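# Understanding the architecture of this molecule
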Amino acid sequence: MKLDSKRRRCEACGARTRADWRSRRCVTTLTGCVGLSVQVRVCHQEGCLLKGVPLRAEEEGRWALPEHEFGLDVLAFIGVQRYREHRSVPEIHALLRTRGVAISERTCTNLLDRYDELVSLQLLDSGRLQKALKQQGRAVLAIDGLAPDVGHEVLWVVRECLSGQVLLARPLLSGSEQELVPLLEEVRRALGRVPIVGVVSDGQRSIRNALAHTLSQVPHQLCHFHYLREAARPLYEVDRHAKKELKKRVREVRKVERAVEGRQDAGARATRAYAAAVRSALTDDHRPPLNPSGLLLRRRLGAIEKSLERVSKRGPVRRKLSRLHAVLRNALKATAPMWPGLAQAYRWVERTAAILQNEHGMDAAGVRRRLAALLAALVRWTRRRHRGVLRQALAHFLLETRRYWKGLFHCYDVPDLPRTDNDLEHLFGTCRYHERRASGRVRGSAGLVVRGGVRLPAIAAAHLLPALDGPHLAPGDIDDWRRLRAQLEQRRVPRIMGRRFRADPDGYLRAIEEELRPYLPV
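This report concerns the structure included in the present document. (Residues numbered from 1 in each chain as written. Predicted model: local features only at pLDDT ≥ 70, side-chain atom pairs only at ≥ 80, totals over all residues. Heavy atoms only, no water.)

## Description of empty space enclosed by the protein
The tally for this structure, following the rule as stated, stands at 2 cavities of 30 Å³ or more. Residue lining of the largest cavity: Val80, Tyr83, Arg84, Tyr115, Val119, Ala458, Ala461, Ala462, Leu465, Pro466, Ala467 and Leu468, and that is the complete set. Residue assignment for the lining of the largest cavity shows that the elements contributing at least two residues are helix H1 (72-83), helix H3 (105-123) and helix H18 (452-464). Considering each element in turn, the lining of the largest cavity owes the most residues, 3 residues, to H18. Among the residues making up the lining of the largest cavity, the classes are represented as 11 nonpolar, no polar and 1 charged. (1 Å grid on protein atoms, 1.4 Å probe; cavity = no way out; pocket = protein on both sides within 12 Å on 5 of 7 lines; lining within 4 Å. Points joined across faces, edges and corners; volume = space filled by probe spheres on them. Helix = DSSP H or I, 4+ residues; strand = E, 2+ residues; numbered from the N terminus. Nonpolar A, V, L, I, M, F, W, Y, C, P; charged D, E, K, R; others polar.)

Spelled out as structure tokens, the structure:
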């Protein structure tokens, strides 16, 4: 197939270019191999900045990337299978082989990286962002960091809440104020004239300081979920300790199960059914701040114990069933003093969450008055009723409330400003899910941070954009793609050096010393 250049004149000097030769290349597509004959034009004008620079036909970029043997339609197919069908790289490789594409599994991984880069170039283009956000007339931002590996870089993400657009994703060595301020300024420049009416975050101190420096007039909403989780953390620890004590006393249920193993009489079947209920209750864990696992376990074991008590009152009970009843009764009796105060303390947390949920649609001043009245009542109740660990936990709850107070109520006055940054957390969860499918690792891989600046926008694009075909993946400016790829390669260097050090620490250090030897005094 012949591809002729449409640029008859040089872009630098305006002189007419000359078609000097044709470059031939073979591109592998989903439908087979295509031979391309690409016209190359050159400017020969003396003094021109582009003299001697080959100008290849523009249509070539819609077929394949420079120095790549596979077409853009293969990249698009790999991206769709990865981010829309949730297939792993070996599964994608098998699909391509069934379609007659001669490709290796390693090449599939490399082409998936190229797909991420091309999609992120389109998704993060400032012109496209301004055009998309100009229709809604305002922007609400969410900012948070993703740290798969402790002690390494953090992937910081800024997302527009109303449209779901990822505005920026970039790895940083730390989350300090000095690092975040340039990030936020870059986002503000990318939005242009689109006004920012609100920001939501988890309340990290460096984020607060950076926003106060960069967007001081913009309301900064602090996430209600993170507030309740941090405020109720000591209560969660008390609940976890009580749950541990209760579980310790229910371990004899295993002996009861073993005693009826293999039996099929009515008593044995009932014993196994009750034991399964106990085991299900023991293994059902919840995360803070609401639905405490210990109190939930106490309620469920109490319900099982009452059911056994009702059964025992109706007539003689099999010995093993009565033994199970005794185990639960003794466990609940031994831990009974732990639960009343803890249950009452969690009711205060639940009432706080109900006020912040604001089902009545009150304004910020109304919600603030209701919450202040509740906290005043909590202070009086704590001084009268509690001492020790629970009092310290509730004092911590009040301390965290004061720390978050100024940022809890903007969402009631600013339309569409979310109460939490859970949508951004869900995006992180989607990214982790893709990582698990590809690598089998529970924790995020190092590549999630190294290539997160392009991988996370590509994941978000699966929900924001229609499926892209080959021609739509073509970059508008191939130099932008080259610069992006060079930046990503630079971020890989510290990881490569770290692997070399772990493989041979002594050799790694000797290499550094040898490199520095010419620059050191004798």
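## Notes on the nonpolar core
Ranked by internal contacts, the top residues of the largest apolar core, which has 105 residues, are Leu96, Leu235, Val250 and Leu301. Residue contacts for Leu96: discarding those within four places in its chain leaves Leu30, Val74, Phe77, Ile78, Val101, Ile103 and Cys108. (Core = buried A, V, L, I, M, F, W, Y, C linked by side-chain atoms within 4.5 Å. Buried < 20%, exposed > 50% of the residue type's maximum accessible area, 1.4 Å probe, protein only. Contact = heavy atoms within 4.5 Å.)

## Section: the environment of Lys306
Inspection of the secondary structure assignment puts Lys306 in helix H11 (residues 293-313). Residue class for Lys306 comes out exposed when judged on its relative accessible area of 51%. For the pair Lys306 and Leu374, spaced 68 residues apart in sequence, the C-alpha separation works out to 35 Å.

## Considering the sheet that holds strand E7 (residues 166-172)
Judged by pairing direction, the sheet is mixed, and its 5 strands sit side by side in the order E7-E6-E5-E8-E9 without closing on themselves. Two strands close off the open sheet at either side, each with one partner strand: E7 and strand E9 (220-222). Ignoring strand direction, the axes of neighbouring strands in this sheet form an average angle of 20°. Across 6 bridges, strand E5 (residues 139-146) lies against strand E6 (residues 154-160) in antiparallel orientation. Opposite Leu141, over in E6, you have Glu160 as the bridge partner. In the packing of helix H5 (residues 177-191) onto the sheet, contacts are made with E5, E6, E7 and strand E8 (196-201), and the angle to E7 comes to roughly 155°. Of the strands in this sheet, E6 and E7 touch H18, which is tilted by about 150° from E7. (Pairing = 2+ DSSP bridges. Axes fitted to C-alpha atoms, helices over the stretch in contact; angles between N-to-C directions.)

## Quick word on the packing of helix H7 (residues 224-231) against helix H15 (residues 389-404)
For the pair H7 and H15, interaxial distance at closest approach is 8 Å and the crossing angle is 150°. By the criterion of interaxial angle, the relationship of H7 to H15 is roughly antiparallel. Between H7, through His226, Tyr227, Glu230 and Ala231, and H15, the contact on the second element is made entirely by Ala393, His396, Phe397, Glu400, Thr401 and Tyr404. Looking at the contact of H7 with H15, its residues break down into 5 nonpolar, 3 polar and 2 charged. (Parallel < 35°, antiparallel > 145°, perpendicular 65-115°, else oblique.)

## What about the layout of surface pockets?
Roughly 660 Å³ of volume is contained in the second largest pocket. Around the second largest pocket, the lining comprises 24 residues; the ones closest to its centre are Ser120, Leu121, Leu124, Arg170 and Leu484. Those elements giving two or more residues to the lining of the second largest pocket turn out to be H3, helix H4 (126-134), E7, H5, H18 and helix H20 (478-503). Per-element tally for the lining of the second largest pocket: the top contributor is H20, with 6 residues.

## Describing the side chain of Thr271
Along the chain, the position of Thr271 falls in helix H10 (residues 266-282). When its relative accessible area of 2% is taken as the criterion, Thr271 is described as buried. Setting aside its immediate chain neighbours within four residues, Thr271 contacts Val256, Val260, Lys320, Leu321 and Leu324.

## Concerning the pattern of salt bridges
Here the idea is simple: oppositely charged side chains can pair when their charged atoms come close. In the structure shown here, the tally under the stated rule is 21 salt bridges. Across the salt bridge formed by Asp113 and Arg455, the nearest N and O atoms sit 3.9 Å from each other. Remark: Arg455 occurs in helix H18 and Asp113 occurs in helix H3; sequence separation between them is 342 residues. The same class applies to Asp113 as to Arg455, namely buried. Across the salt bridge formed by Asp479 and Arg482, the nearest N and O atoms sit 3.7 Å from each other. Of the two residues, Asp479 and Arg482 are both situated in helix H20; the distance of 3 residues between them amounts to about one turn of the helix. Classification of Asp479 by relative accessible area gives partly exposed; the value is 38%. The class of Arg482 is partly exposed, set by a relative accessible area of 41%. (Salt bridge = Lys/Arg side-chain N within 4 Å of Asp/Glu carboxyl O.)

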